[in-house]
Every structure is written in C-alpha cells, then in structure tokens.
Amino acid sequence: MSLPHFFLNDQVLANEAQAEFPLALSRDDAKHAKVLRLAPGEHVAVVDAAQDYFECEIVSFAEALPVVRIAGHLDQASDMPHVCLVQGLAKGDKMETVIRHATELGVAEFIPFAAARSIMKVDAKKAAAKTERWQAIAKSAAMQSGQTRLAHVNQPMKLAAVCAALAGFDAVLVCWEEAPGTAVLHEALASALANVGKPHIEARIAVVVGPEGGLAPEEVEALLASNAHASLVSLGRSILRTETAGIVAPALVLYELGGLGAKERA
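Residues numbered from 1 in each chain as written. Predicted model: local features only at pLDDT ≥ 70, side-chain atom pairs only at ≥ 80, totals over all residues. Heavy atoms only, no water.

Now for unusual backbone geometry. One non-glycine residue with positive phi stands out, namely Gln51, at about 60°. The class of Gln51 is partly exposed, set by a relative accessible area of 43%. We note that Glu63 has phi near 60°; this positive angle belongs to a residue other than glycine. A residue is classified by how much of its surface remains accessible, and Glu63, at 83% relative accessible area, is exposed. (Buried < 20%, exposed > 50% of the residue type's maximum accessible area, 1.4 Å probe, protein only.)

Shown next, in the form of structure tokens:
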C-alpha cells in the first residue's frame, strides 16, 4: 500500500537539528492529515522544499501538526520526463478536470492558453485567483496519486506569451482536429527527440490542446513557428472534447516516453 504523500513549501528536512520535529504542513494539508486519521506509528511520504523525498514516522501531534522522525530517504523517480500541457481555456469545471487527471498521470507543468475560440475568459483580476485554485487542485491530485513532484500551473497566457514559452522545449506537439491522419504522434515525437539528441528521461515536451472551438488556423501556424521541433499531430478520427484531449494527449506522450506501464510491457 502506498504511503500518504505531503508536499512542504518552506521546510527542508535535512536542516532539522532534532531527531523529532513537527512537519510544517499547510493549513489545508494539516486538515487532510486529520481526515486520514493518521496516528503515531504510521508512516508518510514527504517531498520537502528542496525537492528531497523522505519516509517519516509519526510519533505524536503538536496541536494540528504531526511530529515525525525520519524513517528513511526515498529515491526520486529518475525516469520522469518533463511534459507540459498547454490547455486551451475551457468553460465550467473542465480546466479543473484536466489539471486533476493530467497531474495524476504525471504531467509536470500546465500553461492555460487564452485561445481565440476559448469561451472562458479570464481577466487580469481573476487570473491570480484562478491559478491559485488550479495549483491547489494539482497539489491535491499529486498527493492522492503519490507523485514525487508537484506540477506547476502557470497563469493564463495569450498566444504570444505561449509561443515564447514553447521556444524552450525540446519538442512541441500541436494537437489539431484538422491535422492529416498521417500526422502520427509517435512519429512526430520520435523525430523531434532524435533531432535534439536527448534521452527520453531528460526531454522537455509540450503538448498543445485547443479549447471547445478548437485552435484557429492562425494559432496553429504561430504555434508551429514557435519551435524548430514543433509538429502537428492527430489524435485519431474521433473529434474529442477538449477535456478528453487534454488528458489523452499527454497520456500518450508519457507512454511513448516510457511511462504509464510502458517499461513493464517492454
């Protein structure tokens, strides 16, 4: 059975001078620990502010915070490529659904994209609050799924800012319903990685998914021009909902890079 996971914002466990010390959990995480009914003697997994990974034993509670001792130093997963999902802003709770489930899969970063056809509009005043909400959802999903890193959610970006951000990736896969059937994801990814000459586990891959109305042709053109290793890809004959494509596309990329059980099959 996997251990409950917690992420620390400020505390570095290697700097703790005492053998037993309180975990500096956020208020919400302390409530979560209470809901789990954790008791002395039980163990938890902790990723601290230095991104170090520990197994800790609970020895007592100091008010709402668990007091722990370090039971062991855990190995971070070394085969985790950096997959970023550029998701066209979608209405209702669709963004929350995508961020939650894509984080569970292992997506490391999200760029909410204020696309031309996005029904959802986020102004500057709402952007910070929305991003904070989405980041909290990513954290909850990472804790639930036992991720050893916390996905980062950027504030919503317009096309120019998205293109600037994509310039730093090793490969960019633009998912478009009008892409030809010959634009196969596997081939586009393999070609890009061969060109940059990096091992899969070191690759930084961006996957772009449009909003409900899809990507406009001029957006596709700009996105493909943003990176020398950008490619148009098709997700098959079915026209997927944006929240479906936002989960399926990065899942396919993670699988091609050796995740989601691909290594076990091999």
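Still to come is the rest of the account.
All right, on to helix H2 (residues 94–105) then. In this model, H2 (12 residues) spans 17 Å end to end at C-alpha, consistent with the 16 Å of a helix rising 1.5 Å per residue. The set of residues buried in H2 consists of Lys94, Met95, Glu96, Val98, Ile99, Ala102 and Thr103. Positioned one or two residues after H2, Gly106 has a phi angle of 120°, which is positive. (Helix = DSSP H or I, 4+ residues; strand = E, 2+ residues; numbered from the N terminus. Expected span 1.5 Å × (residues − 1).)

Here we come to the packing of aromatic side chains. Within the structure shown, the criterion is met by zero aromatic pairs. Lying over the aromatic face of Phe169, Arg204 brings its terminal NZ or CZ to 4.5 Å of the ring centre. (Phe/Tyr/Trp six-rings, centres within 6.5 Å; stacked < 30°, edge-to-face > 60°. Lys NZ or Arg CZ within 6 Å of the ring centre and 35° of its normal.)

It is worth spelling out the pairing of strand S9 (residues 171–175) at this point. Among the five residues of S9, five are classified as buried, and the element is accordingly described as predominantly covered. Side chains Ala171, Leu173 and Cys175 project from S9 onto one buried face, and the interleaved Val172 and Val174 project onto a second face that is buried too. In this structure, S9 lies alongside strand S10 (residues 204–209), joined through four bridges in parallel fashion. Residue pairing in the sheet places Ala171 in a bridge with Ile205 of S10. Relative to strand S11 (residues 230–233), S9 runs parallel, the two being bridged by four bridges. Each residue of the ladder has a partner; that of Leu173, found in S11, is Ser231. (Pairing = 2+ DSSP bridges.)

Once that is clear, we can look at the sheet that holds strand S5 (residues 65–73). The five strands lie next to each other as S1-S3-S4-S5-S2, forming an open sheet whose pairing is mixed. Two strands lie at the open edges of the sheet, namely strand S1 (5–7) and strand S2 (20–22), each paired on one side alone. Pairwise comparison of adjacent strand axes, ignoring direction, gives a mean angle of 45° for this sheet. For strand S3 (residues 43–47) and strand S4 (residues 53–62), the ladder comprises five bridges, and the chain directions are antiparallel. In the sheet register, Val46 faces S4, and the bridge partner there is Phe54. (Axes fitted to C-alpha atoms, helices over the stretch in contact; angles between N-to-C directions.)

Before going further, it helps to examine helix H6 (residues 217–225). All of the buried residues along H6 are Glu219, Val220 and Leu223. Taken end-on, H6 shows its buried residues confined to a sector of 100°, consistent with a single buried face. When the buried face of H6 is taken as reference, the exposed residues oriented beyond 90 degrees from it are Glu218, Glu221 and Ala225. Residues of H6 that are buried make contact with strand S7 (109–113), helix H4 (159–166), S9, S10 and S11. (Arc of directions from axis to C-beta. Contact = heavy atoms within 4.5 Å.)

So yeah, pure geometry; function would need other evidence.
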